[in-house]
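Summary of structural features
Each chain, written out:
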Amino acid sequence: MRSKRFAALGGALLVVLAIVVVALRPSHETAEARAQRLERHIACPVCVGESVAESNSDASLIIRSDIEARIRRGQSDSEILGYYAKHYPKQQLNPSDGGIGLVAWGLPVVAVVLAVAGLGVAMVRWKRVPRMVATTDDEVLVQRARRRA
């Protein structure tokens, strides 16, 4: 009984450890990929509902080349996004992020967590319910049914 508990606890700890390792692993992102990611987070100052990455306006082209230059100079993501938030206060960052990304990524995680929690609750309940033992009357009924078949 105790060994099963320790095995279950060890398995749960292993899953948590794997999640932590994946979440905290260092990102090896190229400068180009980083620039594209940042461009998707900055709204085009002249377009409606488009990011700098999606727009072909002159303003977006200038911002894209400026982002690449800032990355080459070693600025962090927060410094770059902060600069554009300060210089374009009426524009929003994350222009196309209407919450659907959170739903798309968050819903499966929530579903898995709830499923694991549900299995844990079911296992606890199964352990609490005593096993039923066949009485002699039950055994007699089974023997009669076997003879008829």
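Rules used throughout
- Residues numbered from 1 in each chain as written.
- Predicted model: local features only at pLDDT ≥ 70, side-chain atom pairs only at ≥ 80, totals over all residues.
- Heavy atoms only, no water.
- Helix = DSSP H or I, 4+ residues; strand = E, 2+ residues; numbered from the N terminus.
- Buried < 20%, exposed > 50% of the residue type's maximum accessible area, 1.4 Å probe, protein only.
- Contact = heavy atoms within 4.5 Å.
- Areas by Shrake-Rupley, 256 points an atom, 1.4 Å probe, with all protein chains shown as cover.
- Core = buried A, V, L, I, M, F, W, Y, C linked by side-chain atoms within 4.5 Å.
- Polar contact = N/O pair within 3.5 Å; in protein donor to acceptor, adjacent residues only side chain to side chain.
- Salt bridge = Lys/Arg side-chain N within 4 Å of Asp/Glu carboxyl O.

**Some details on the overall build of the protein chain**
Each helix and strand in the protein chain was counted, giving six helices and zero strands. Tracing the protein chain from N to C terminus, the helices and strands come up as α-α-α-α-α-α. Here the protein chain, with 149 residues, has 15% of them falling under the buried criterion. Considering only intrachain contacts with a sequence separation of at least 6, the fraction spanning at least 24 residues in the protein chain is 49%. Here the protein chain displays about 12200 Å² of accessible surface, and carbon together with sulfur accounts for 64% of that area.

**Focus on the nonpolar core**
Counting residues in each nonpolar core, the largest one holds nine residues, listed as Ala35, Leu38, Ile42, Val52, Ile63, Ile67, Ile71, Ile80 and Tyr84. If you list the elements that add at least two residues to this core, you get α2 (31–40), α3 (58–72) and α4 (77–87). It is α3 that provides the largest number of residues to this core, a total of three residues. Residues within four places of Val52 in sequence aside, it is in contact with Glu39, Ile42, Ala43, Cys44, Ser60, Ile63 and Arg64.

**Let's talk about the side chain of Ser55**
Checked against the element boundaries, Ser55 lands in the loop between α2 and α3. In this structure the side chain of Ser55 is engaged in a polar contact, spanning 3.1 Å, whose partner is the backbone nitrogen of Ser57. One polar contact links Ser55 to Ser60, side chain to side chain, over a distance of 3.2 Å. When sequence neighbours within four positions are dropped, the list of residues in contact with Ser55 reads Cys44, Cys47, Glu50, Ser60 and Arg64.

**Thoughts on the pattern of salt bridges**
Tallying each qualifying case throughout the model produces three salt bridges. The partner of Asp77 in a salt bridge is Arg34, with the nearest N and O atoms 2.5 Å apart. Of this pair, Asp77 sits in helix α4 while Arg34 sits in helix α2; the two residues are 43 residues apart in sequence, bridging distant segments of the chain. The exposure class of Arg34 is buried, given its relative accessible area of 17%. Between Arg37 and Asp77 there is a salt bridge, and its shortest N-O distance comes to 2.7 Å. One end of the pair, Arg37, is in helix α2; the other, Asp77, is in helix α4, with 40 residues separating them in the sequence. Residue Asp77 is classed as partly exposed on the basis of its relative accessible area, which comes to 23%. When salt bridges that share partners are traced, they join Arg34, Arg37 and Asp77 into one network.

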